[in-house]
Structures are given as C-alpha cells and as structure tokens.
Amino acid sequence: MTTMAPATTTPFAQQLRGWRTRRRLSQLDLAIAAETSQRYLSFLEQGRSQPGRIMVVRLAEVLGLSLRERNAMLLAAGYAPIFPESALDAPELDAVRHALDTILQGHLPYPAVVTRPFGVLVAANPGFELLTEGCAPELLEPPINVLRLALHPDGLGQRVENLPEWGRHVTDSLRNRAGRSPDPALDALIAELDGYLPPVEPGPGHLGFAVPLRLRSEAGELRLITTVTSFATATDITLSELHLEAFLPADQATSDHLRARFAHA
C-alpha cells in the first residue's frame, strides 16, 4: 500500500532519481523492470508517493545496488535496514572464514589474497610473500592496502616491468567501480594510485581487461594473471564486500619457478 503526499524533495526521491540516472535508465525502463508504472515511479521521484518496503527492495535490486546501498535506500524511505553487517571474526562467519582459508591454502604455490573495500588486506596465503619482497616496511604495516602496495614505487611497483599498462588495468577497474557506486574515498584512492603510474599510450593491440603482471625476480621475469571472485549471493554486508584475488602463472616457466619456490620454502 502506498500513500500520496504533496510533491517535495525527500531523501528517498533524491536517491532513487540519482541511482536511476547513474544507471542510465529511463523512468519507463526502470518501471518495467520493477513491474510498476512510469506514473507511479515519477511520483516516487517527485516525493509525491511514499513507497512500500517491498517496492524499495525491488527497486534497489533492479538498480543493482550493493547490500550497503540497499540498506541506505531503505533508511531513506523510512524503513529499517534488512541486511546485517557482521564483524569478520563473528561466530556467524566461522564457516566463511574456514572456507576462505581452505581456498587460500588450496591455491598454493600461487599467491592469493582476500581484501575488503578499497584493497584492505584481510587474509593471504604464504605465496603472497612473492609480492611483498623488497617492499618498504611501512607499506607492510597493518592494515595493508594491497592496491597501494601493488603500485607504490617503494612497493611492488618497483619490480613491475609493465607498470604503466598493468597499473592502469588496476585503476581502470576501480574507476568502473566508482562509476557504479560513487564514493569520495574511492576517488581519492584512485587519484593517489594514478600518481604512481608513468604515462602510457595504449597501442592498437591493447587489451585493458587482460593485462598480465610482468614481475622481475631473481629467476628472471615472472608472468602472472589474476582472477577476482566476489560473493554475489551473500546476504551479509561484510561478506558481500570481500574479494578473493588469485594469481595464476601465465606461462610454464613461471609455474615451474613458483612450484620450486614453494617446495623449498
């Protein structure tokens, strides 16, 4: 059930209009996807109608909002949040932590890390030491920011052969995230990371989504590719914001070196 009110600007109306515009959806497109009418959606954006709780949840889902953003939209509409945010060491996440530890260890001898938003390290397997060798001690003090560590000239950046290309692969991914979920703190981090990168002119064969990490080591150049896994079906905010980044060898020489390194560790 919905109620009618005089047209006014409300927090919910502002959020709804802002997210719809950011997603580049017309009122009609969003109304059809949310199984409502364009007229009703227009009333919501004008503050002339108060949405029901189910409608808020439906609109947030269609707009592809994160769980944190869905809670914020519910609060803006006057409803209590429905998605919990547990501490990572909370008992209810015991099974999750065990599963993550199993995955990290199972990925050996290759590096793998679990991060929170903005690249804050949560956990890593012993293979991560490959990426921390020679890094400045201050970059390894908790909480470690994996993104800063990766591109900083006193961090991994000093060993990356293709830093301009690989670094922009990292920052472009962050820019895409910022485009979907704007955050001033994320914008500041992107600006910082961009400052560590030399200029680059992508050639005609440049593939921004498939840039390998070419890393100098005592064994010669190592080539790694990364995969990122998120917990898209999570119903807890903390879990939904975790990312598992796994590094894989891009050639046989790299695989052989990492296996030998692990065997002698």
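Source: prediction; values computed, not measured.

**Student:** Account for helix α9 (residues 163-180), naming residues and giving values.
**Tutor:** Its 18 residues give α9 an end-to-end C-alpha distance of 26 Å, which sits within 8% of 26 Å, the value for a rise of 1.5 Å per residue. Those residues of α9 that sit buried are Leu163, Pro164, Trp166, Gly167, His169, Val170, Thr171, Leu174 and Ala178. As for α9, its buried residues are in contact with α8 (146-151), α10 (184-194) and β5 (213-217).

**Student:** Could you give an account of the pattern of salt bridges, naming the residues involved and the relevant values?
**Tutor:** Considering all chains together, one arrives at eleven salt bridges under this definition. With its nearest N and O atoms 2.8 Å apart, the salt bridge here joins Glu241 to Arg68. You can see Glu241 sitting in the loop between α11 (237-240) and β7 (243-249) and its partner Arg68 sitting in helix α5 (residues 67-76), a full 173 residues away along the chain. The buried category is assigned to Glu241, whose relative accessible area is 17%.

**Student:** Let's hear about the packing of aromatic side chains: which residues, and what values?
**Tutor:** Scanning all chains against the criterion turns up zero aromatic pairs. If you follow Arg22 out to its NZ or CZ, it ends over the ring of Trp19, 4.8 Å from the centre.

**Student:** Let's hear about the layout of surface pockets: which residues, and what values?
**Tutor:** Of the voids in this model, the largest pocket is the one considered here, and its volume is about 860 Å³. What lines the largest pocket is a set of 24 residues, and nearest its centre among them are Ser66, Arg177, Ser181, Ser240 and Glu241. Elements with a contribution of two residues or more to the lining of the largest pocket: α5 and α9. The biggest single contributor to the lining of the largest pocket is α5, with four residues. Across the lining of the largest pocket, the residue classes break down as nine nonpolar, seven polar and eight charged.

**Student:** Pulling in residues and values, what's your account of the sheet that holds β7?
**Tutor:** Strand order in the open sheet made by the five strands is β4-β3-β7-β6-β5, with antiparallel pairing throughout. Strand pairing shows two members of the sheet lacking a second neighbour, β4 (120-124) and β5, which therefore form its edges. Adjacent strand axes in the sheet meet at a mean angle of 35°, parallel and antiparallel pairs treated alike. One ladder, built from four bridges, connects strand β3 (residues 112-116) with β7; its direction is antiparallel.

Conventions used here
Residues numbered from 1 in each chain as written. Predicted model: local features only at pLDDT ≥ 70, side-chain atom pairs only at ≥ 80, totals over all residues. Heavy atoms only, no water. Helix = DSSP H or I, 4+ residues; strand = E, 2+ residues; numbered from the N terminus. Expected span 1.5 Å × (residues − 1). Buried < 20%, exposed > 50% of the residue type's maximum accessible area, 1.4 Å probe, protein only. Contact = heavy atoms within 4.5 Å. Salt bridge = Lys/Arg side-chain N within 4 Å of Asp/Glu carboxyl O. Phe/Tyr/Trp six-rings, centres within 6.5 Å; stacked < 30°, edge-to-face > 60°. Lys NZ or Arg CZ within 6 Å of the ring centre and 35° of its normal. 1 Å grid on protein atoms, 1.4 Å probe; cavity = no way out; pocket = protein on both sides within 12 Å on 5 of 7 lines; lining within 4 Å. Points joined across faces, edges and corners; volume = space filled by probe spheres on them. Nonpolar A, V, L, I, M, F, W, Y, C, P; charged D, E, K, R; others polar. Pairing = 2+ DSSP bridges. Axes fitted to C-alpha atoms, helices over the stretch in contact; angles between N-to-C directions.

Limitation: the analysis is restricted to geometry and does not speak to function.
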